Each structure stands twice: as structure tokens, then as C-alpha cells.
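Residues per chain are reported as follows:
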Amino acid sequence: MSAIGTLAAGVAHELNNPLTAVVGFAQLIAEKLRTNRPVNWGDAEYERVTQALENLVQGAHRSRDIVGSLLRFARASRPDARSLIDLNQVLRDAFVFTEHLLLRNGITLEKHLAPELPPVWGNTARLQHVFTNLLINAQQATPSGGTVRVITERAEQPKGVWVHVEDTGEGIPPEALEQIFEPFYTRKAQGTGLGLSIAKQIIEEHGGEIRVVSELGKGARFSVFLPADDAHTIDPTQQTRVA
């Protein structure tokens, strides 16, 4: 994890400068075209070029989001690196790496992230690993046209945060529910059976718990509870983790 974090930080820093240039110059060109449209361009050509520039800016911004996620991952790559973190931001980072996978497979990702969540004391990289794993599992269980839904909510007794990852896939048989968190248990042909057992271990290291409910033919819901820090509340306008 430490070596991966170091590599991620180096890659992220190397990408930051050229991406900033791409965004800046694309926005400059777009602004020039809005105020000085070439007289020899027809409407269709003008619309095509301005749309291409808009796509370029959006793609560069997405790349910068990925770089930001890599940097946050790198800062917390040591297993003992802990801080006050915003679980909504951890999930946003997980979406950066998984949303394209869901969309490519024809699956809609719905995000219902509650504002003003209390922060949790934890390791950003390890928790991101948990939620990325849950999202990939949901994608693999959900056919094209289905939905994966992520919900966060605050809990009062005990005080903490719930994160629910739901899918509209095939569901999990009752006999499998009893074994699903056991090491090396898998229902996938190419699976190792370690993903959910490691996720459970990480959540328990954070003093939390992970549960699953499912009905065949109606999908599954994985719920993660993490205890909150009583002394702070996350500002809903804040887009980065509390440190």
C-alpha cells in the first residue's frame, strides 16, 4: 500500500501541470470563439467545434478529479495513517474510479449522499478500498439496464454514519448469505473470495460493522456502519475530507 501510494502521488503530481494547461487553454479558446465567431463558419461547424471544446474541458476536469483522488489515496496509503474524514468524499473518490465501469455496462448509478454527516476517524485509502469493492461487486451482479444506488445517512444510536450500496441484480441465495464474508468463499468463476472478507476486516478495524440483506431476483443491499466523532460535523459545502 505504501509503495502504491508513493507511485500514485508521483503520477498525480506529474499530471497536474499539463492538465491545468489543457483546462486553461481550452477555456480560453472557447471564450474567444464565443466572442469572435469566424465569419466563414456555418452554424453546424460552429456548434460542432464548440461542443468538442466543451467535451475537452469536461474530460480534463474529470482527469483532474482522478488526480485528486490519487493524491488523497497516496496521503493515506499507510495502514496506520488515520484522520477525521468525510465519508461522502471517500465515496466520491470511489465513484471517480467506478462510475465509468457502471455506465459502460449500461447500469445507472444513483447517489443519495446526506449533507452534514459527522466525520469518522479512519484511513481514507482503506475505506475507499471497501466501497470500491462493493461498487464493483454490485456492477458484476447487475444486468444492463439495472441500477446501483449509494445512500449515506447519519445514525444517532449509536452515533455514526451508515453507507448503503444497493443493486437490482440477481440477489444472493440464503445459504450463501451465511458464508459471504468468509475468506475464499466466492460465487464467481474467476473470484478469489477475498474481497468481502478483507472489506469486513477493514470495517471492523474501524470499530464498525458490515451487513447484507438480499432477496433472489430483487438484488442485494450491503450496509456499512462506522462510528462518528462526536465533536465535529462535516460542512455540507466542503468538497474535501476533513484533516
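Just so it is clear, the structure is predicted and the values come from calculations on it, not from any experiment.

**Overview of the confidence of the model for the protein**
Phase 1 of the analysis: Of all residues in the protein, 79% attain a pLDDT of 70 or more, and the chain-wide mean is 81.
Phase 2 of the analysis: Considering only residues more than four positions removed or in separate chains, one finds that residues 233-243, a stretch of pLDDT under 50, has 29 contacts.

**Quick look at the sheet that holds strand E4 (residues 147-156)**
Phase 1 of the analysis: Spatially, the five strands line up as an open sheet ordered E2-E4-E5-E7-E6, and their pairing is mixed. Two strands in the sheet have a free side with no partner beyond their single neighbour: strand E2 (108-113) and strand E6 (209-214). With direction set aside, neighbouring strand axes in the sheet form an average angle of 15°.
Phase 2 of the analysis: Both E2 and E4 contribute to a ladder of six bridges, which runs parallel. Within the sheet, the bridge partner assigned to threonine 108 lies in E4 and is threonine 147.
Phase 3 of the analysis: Its contacts with the sheet place helix H3 (residues 87-104) against E2, E4, strand E5 (159-167) and strand E7 (220-227), and it is angled at close to 175° to E2.
Phase 4 of the analysis: Its contacts with the sheet put helix H6 (residues 195-205) on E6 and E7, and the angle it makes with E7 is roughly 25°.

**Some points on unusual backbone geometry**
Phase 1 of the analysis: Proline 158 follows glutamine 157 through a cis peptide bond whose omega is -5°.
Phase 2 of the analysis: Turning to its location among the elements, proline 158 is positioned in the loop between E4 and E5.
Phase 3 of the analysis: Phi at glutamate 116 takes a positive value of approximately 55°, unusual for a residue other than glycine.
Phase 4 of the analysis: Among the structural elements, glutamate 116 can be located in the loop between E2 and strand E3 (120-122).
Phase 5 of the analysis: With a relative accessible area of 44%, glutamate 116 lands in the partly exposed category.

**A closer look at the packing of aromatic side chains**
Phase 1 of the analysis: Counting across every chain of the model gives two aromatic pairs.
Phase 2 of the analysis: Measuring from centroid to centroid gives 5.2 Å for tryptophan 162 and phenylalanine 225, while their planes differ by 55°, and the two rings are tilted. Of this pair, tryptophan 162 sits in strand E5 while phenylalanine 225 sits in strand E7; the two residues are 63 residues apart in sequence, bridging distant segments of the chain.
Phase 3 of the analysis: Relative accessible area serves as the criterion here: at 7%, phenylalanine 225 is assigned to the buried category.
Phase 4 of the analysis: Relative to phenylalanine 222, the ring of phenylalanine 181 has its centre 6.2 Å away and its plane inclined at 90°; by these criteria the two rings are edge-to-face. Separated by 41 residues along the polypeptide, phenylalanine 181 in the loop between helix H5 (174-177) and H6 and phenylalanine 222 in strand E7 bring together distant segments of the chain.
Phase 5 of the analysis: What makes phenylalanine 222 buried here is its relative accessible area of 9%.
Phase 6 of the analysis: In this structure, arginine 37 packs its charged tip against the face of tyrosine 46, placed 4.6 Å from the ring centre.

**Here we look at the pattern of salt bridges**
Phase 1 of the analysis: Applying the stated criterion across every chain yields a total of eleven salt bridges.
Phase 2 of the analysis: Linked through salt bridges whose partners overlap, the residues forming this network are Glu110, Arg149, Glu166 and Arg221.

**Some details on the environment of glycine 59**
Phase 1 of the analysis: Structurally, the position occupied by glycine 59 is in helix H2 (residues 43-75).
Phase 2 of the analysis: Residue glycine 59 is classed as partly exposed on the basis of its relative accessible area, which comes to 37%.
Phase 3 of the analysis: Separated by 40 residues in sequence, glycine 59 and leucine 19 have C-alpha atoms that sit 9.9 Å apart.

Definitions and limits used
Residues numbered from 1 in each chain as written. Predicted model: local features only at pLDDT ≥ 70, side-chain atom pairs only at ≥ 80, totals over all residues. Heavy atoms only, no water. pLDDT = per-residue confidence, 0-100. Contact = heavy atoms within 4.5 Å. Pairing = 2+ DSSP bridges. Helix = DSSP H or I, 4+ residues; strand = E, 2+ residues; numbered from the N terminus. Axes fitted to C-alpha atoms, helices over the stretch in contact; angles between N-to-C directions. Buried < 20%, exposed > 50% of the residue type's maximum accessible area, 1.4 Å probe, protein only. Phe/Tyr/Trp six-rings, centres within 6.5 Å; stacked < 30°, edge-to-face > 60°. Lys NZ or Arg CZ within 6 Å of the ring centre and 35° of its normal. Salt bridge = Lys/Arg side-chain N within 4 Å of Asp/Glu carboxyl O.

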